[in-house]
Amino acid sequence: MAVLNRVLRLRAASSFSVRSFRSSSFLNSETDLKASSSVIAQNSLPLQRDVKDRNVQWVFLGCPGVGKGTYASRLSTLLGVPHIATGDLVRDELSSSGPFALQLAEVVNQGKLVSDEIIINLLSKRLEASAAKGETGFILDGFPRTIRQAEILEGVTDIDLVVNLKLREEALLAKCLGRRICSECGGNYNVACIDIKGEDGKPGMYMAPLLPPPHCASKLITRSDDTEEVVKERLRIYNDKSQPVEGFYCSRGKLLEFDLPGGIPESWPKLLQALNLEDHEDKQSAAA
Ligand SMILES: [Zn+2]
């Protein structure tokens, strides 16, 4: 399994470099995919260093609580591309007088799931708005969730890389159960201090808590659905649904599996390394 993961990782990394040399034209046909895999086999291209010439049309996958939004948002700032979270698209549309606002309100009020069609429409609209503003690239967060959505997305735009963020289940569970919200200001905190000792060759893991300031400390509440049973069920449902999507992108050589080694301080530099972006941040901090 470890070997397989490494191969997949390598494949994702190689196709990433190959894709970065390609134009932003659609990569839909199998011939294109075959062509790019044979390029990988023939000459393993060095990873391109200059992110300016790279297509950042990325998707972030990861189960609830993994911190997907945080990493996607940080990377979008670093790379100067929009971070498009489908949850935000839905919220924005609801609070607007846009064409789907009424339809959405009805769906949401009835507690139903927003249809693929609505989501893809909102997404297309958002991508068009980006293009009109001269923005290039994007990091998608929260989409696609199903193979069908992935297929629709493939028809709408070209995805260059799919980053699958993973966290050890015990850490994930502790993190979800440690979530607290300030009942007064709505601030989000986490009281879990995760300190897993390394054993049997497995590295340890430390994640510091995100403690509230004193004025919030006495007003913390736990979301009613953050119980162990509900969190475990949420993870199980997520895993069932996401595996086919991961397989979809894996078969296209676009999936980069990334095991978060800990909290943001440990994970962020490693993630940049995996994406071959560590120089980019050096340049940016030097310029700042
Ligand atoms: Zn507060």
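Per-chain numbering applies: the sequence of each chain, read as written, is numbered from 1 onward. Local features in this predicted model are restricted to residues of pLDDT 70 or higher, and side-chain atom pairs are both shown and tallied only at a pLDDT of 80 or more, whereas totals for entire chains, interfaces and linings draw on every residue.

Chemist: Quick question: what am I supposed to make of unusual backbone geometry here?
Modeler: Both trends apply: most residues other than glycine have a negative phi, and most peptide bonds are in trans. For the peptide bond that leads from Phe 143 to Pro 144, omega is 0°, which places it in the cis range. Going along the chain from the N terminus, every DSSP run of H or I of four or more residues is numbered as a helix, and every run of E of two or more is numbered as a strand. In this structure, Pro 144 sits in the loop between strand E3 (138–141) and helix H7 (147–156). The phi torsion at Asp 200 lies on the positive side, around 50°, for a residue other than glycine. Here Asp 200 is to be found in the loop between strand E7 (194–196) and strand E8 (205–207). Taking the C-beta count within 10 Å as the criterion, Asp 200 has 4 such neighbours and is therefore assigned exposed. You will see that Asn 276, though not glycine, has its phi angle at about 60°, which is positive. Any residue surrounded by 20 or more other C-beta atoms within 10 Å of its C-beta is treated as buried, while 12 or fewer makes it exposed and the intermediate range makes it partly exposed; C-beta atoms here are placed from the backbone.

Chemist: I keep staring at the sheet that holds strand E6 (residues 188–190) and nothing clicks. Help me out?
Modeler: Each strand in a sheet pairs with its neighbour through backbone hydrogen bonds, running either in the same direction (parallel) or in the opposite one (antiparallel). Overall, antiparallel pairing links the 3 strands, which are arranged E6-E5-E9 in an open sheet. Here the strands that pair on one side only, and so sit at the sheet edges, are E6 and strand E9 (220–221). By the convention used here, strands pair only if DSSP detects at least 2 bridges between them. Where strand E5 (residues 179–182) and E6 come together, 3 bridges link them in antiparallel fashion. Across the sheet, residue Ile 181 finds its bridge partner in E6, namely Asn 188.

Chemist: Before we go on, may I ask you to explain the nonpolar core in this structure?
Modeler: A general feature of soluble globular proteins is that nonpolar side chains tend to end up buried together. With 46 residues, the main nonpolar core has Trp 58, Phe 60, Ile 139, Leu 140, Val 162, Val 163 and Leu 165 as its most contacted residues. The contact rule is simple: place each C-beta atom from the backbone, and if two of them lie within 7 Å, those residues are in contact. Apart from residues lying up to four places away in sequence, Val 162 is in contact with Val 59, Leu 61, Tyr 249, Lys 254, Leu 255 and Leu 256. The term nonpolar core means buried Ala, Val, Leu, Ile, Met, Phe, Trp, Tyr and Cys residues held together as one set by C-beta atoms within 7 Å.

Chemist: What is the right way to look at the packing of helix H6 (residues 116–132) against H7 in this model?
Modeler: For any two helices packed against each other, one specifies the inter-axial angle together with the distance between the axes. Where H6 contacts H7, the axes come no closer than 11 Å and their chain directions differ by 30°. The orientation of H6 relative to H7 falls into the category roughly parallel. Between H6 and H7 the crossing geometry is right-handed. Across the interface between the two elements, Asp 116, Ile 120 and Ser 124 of H6 pack against Arg 148, Gln 149, Ile 152 and Val 156 of H7. Under this grouping Gly is polar, as are all residues other than the nonpolar Ala, Val, Leu, Ile, Met, Phe, Trp, Tyr, Cys and Pro and the charged Asp, Glu, Lys and Arg. Here the residues of the contact of H6 with H7 sort into 3 nonpolar, 2 polar and 2 charged. To define axes, lines are fitted to C-alpha atoms, for helices over the stretch in contact only, and angles between the resulting N-to-C directions are given on a 0 to 180 degree scale. For classification, angles of less than 35 degrees are called roughly parallel, those exceeding 145 degrees roughly antiparallel, those between 65 and 115 degrees roughly perpendicular, and all remaining angles oblique. We call a crossing left-handed when the near helix sits turned anticlockwise from the far one by less than a right angle, and right-handed when that turn is clockwise.

Chemist: Could you clarify how one ought to interpret the sheet that holds E3 in this entry?
Modeler: A sheet is described by the order of its strands in space; here 5 strands give the open sequence E2-E3-E1-E4-E10, paired in parallel fashion. Since the sheet does not close on itself, it has two edges, and those belong to strand E2 (83–85) and strand E10 (255–259), each with one partner. Averaged over all adjacent pairs, the angle separating strand axes in this sheet is 25°, with direction ignored. Relative to E3, strand E1 (residues 57–62) is paired through 4 bridges, and the arrangement is parallel. Considered in E3, the bridge of Gln 57 is made with Phe 138.

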